[in-house]
Amino acid sequence: MSISIALPVRKNDYENKPVLFYNDMYRANINMNKSEAIKEIKKSLKFYQGLGFTHLPVHKTALEGLLDNILTDKKKKTGITDLRVSEKKAGYIADKQAVLKALRGEIGDCQRCKLAKGRKNIVFGEGNYDAKIMFIGEGPGREEDIQARPFVGDAGKLLTRLIEKMGFKREDVYIANIVKCRPPNNRDPEEDEIAACSPFLKQQVEIILPGVIMSLGRISAQTLTGSKIAISRLRGRSYDFNGIPLMPTFHPAYLLRNPKDKQLTWEDALKVLEKLKKP
Ligand code: SF4
């Protein structure tokens, strides 16, 4: 059996091979036997084809896992070795806008966690699909919930000033949150809500592939680093998030209450700019 023949997806221009989306690989890679995995991938590909996709990206890690664990048993003549892509090209996504649109479609009218009840809008995230910097906060506030856009209140204005001080326009960067629906009374998102929503954010990061991520505030820093350390100790140091440099800093809402710490955030921003200069 060969997936490259069986699947109804056109060949991609630069690799001349069918490619699959990270999510399909990921789902197929967990607790599935080969036929279940293929069924799952076919289902996803039909979904994307229905949306008008002609090619889909592949993530190197997911691909390796899939090939290693399920589909590369040459002795069984699966034929799946056709799906191999070079390391250089793995991770490249030809049409990020379309893939992000598909991800938004997959989220739909999401009811996956209890934040769905109180929200007005899902705040997906916005900005440049090819952004060098991605800013990640914790969740939408009141104004963001109304406008369905991230960081549009007073904290958003301060973030925009930081972005401009760093030499960018707001539309040059990508801005998102750990959870996409407003927690009631602006409380912190809870662990089950973060667990339900953060996989979408991780996919956004996979698609955008920024040069650097700047996380804003405790929740974002702790979620992305997997640490419980206080933000005052996490900030200012570089971490790795799925191969992307991550610089935690304070949340702009905190800086509005504690303007003396703006200088520390600026020092963090300078380190981010340094990182971007490096090849
Ligand atoms: S916060 Fe995320 S997981 Fe929860 S309902 Fe909103 S979009 Fe769905």
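These figures come from a predicted structure and were not determined experimentally. (Residues numbered from 1 in each chain as written. Predicted model: local features only at pLDDT ≥ 70, side-chain atom pairs only at ≥ 80, totals over all residues.)

Trainee: Could you give an account of helix α9 (residues 218–225), with specific residues and numbers?
Mentor: Burial analysis of α9 places 7 of its 8 residues in the buried class, which makes it a mostly covered element. Within the span of α9, buried status applies to Arg218, Ile219, Ser220, Ala221, Gln222, Thr223 and Leu224. Considering only its buried residues, α9 is in contact with β2 (133–137), α8 (191–208), β4 (212–216), α10 (231–234), β5 (239–241) and β6 (244–249). Looking one or two residues beyond α9, the residue adopting positive phi is Gly226, at roughly 70°. (Buried ≥ 20, exposed ≤ 12 C-beta atoms within 10 Å, placed from the backbone. Helix = DSSP H or I, 4+ residues; strand = E, 2+ residues; numbered from the N terminus. Contact = placed C-beta atoms within 7 Å.)

Trainee: Mind laying out unusual backbone geometry, listing which residues take part and the relevant values?
Mentor: Excluding glycine, most residues fall at negative phi; most peptide bonds, likewise, are trans. Even without being glycine, Phe151 reaches a positive phi, approximately 50°. Mapped onto the elements of the fold, Phe151 is located in the loop between α6 (142–147) and α7 (154–165). Looking at Phe151, the number of C-beta atoms within 10 Å reads 28, which means it is buried. A positive phi angle, near 50°, is found at Asn242, a position not held by glycine. Structurally, Asn242 is set in the loop between β5 and β6.

Trainee: Now, about the site of the ligand: what can you tell me, with residues and values included?
Mentor: Close to the ligand lie 13 residues, the nearest being Cys110, Cys113, Ala116, Cys181 and Cys197. Looking at the shell around the ligand, the element that brings in the most residues is α8, giving 3 residues. For the shell around the ligand, the class distribution of residues is 10 nonpolar, no polar and 3 charged. (Near = placed C-beta within 6 Å. Nonpolar A, V, L, I, M, F, W, Y, C, P; charged D, E, K, R; others polar.)

Trainee: Tell me about the sheet that holds β6, residues and numbers included.
Mentor: Backbone hydrogen bonds hold the strands of a sheet together, and the pairing may be parallel or antiparallel. The strand order across the open sheet formed by 6 strands is β1-β3-β2-β4-β6-β5, and the pairing between neighbours is mixed. Each having just a single partner strand, β1 (126–127) and β5 make up the two edges of the open sheet. Of the strand pairs in this sheet, β1 and strand β3 (residues 174–177) are connected by 2 bridges, and their pairing is antiparallel. Each residue of the ladder has a partner; that of Gly127, found in β3, is Tyr174. (Pairing = 2+ DSSP bridges.)

Trainee: Please set out α7 residue by residue, giving values where relevant.
Mentor: Spanning 12 residues, α7 covers 17 Å between terminal C-alpha atoms, matching the ideal 16 Å at 1.5 Å per step. Listed as buried for α7 are Ala155, Gly156, Leu159, Leu162 and Ile163. Considered in projection along α7, the buried side chains sweep an arc of 115° and stay on one side of the axis. Exposed and facing more than 90 degrees away from the buried side of α7 are Lys157, Glu164 and Lys165. Elements in contact with the buried residues of α7: β2, α11 (252–257) and α12 (262–277). With its phi angle positive at about 95°, Gly167 sits one or two positions after the end of α7. (Expected span 1.5 Å × (residues − 1). Arc of directions from axis to C-beta.)

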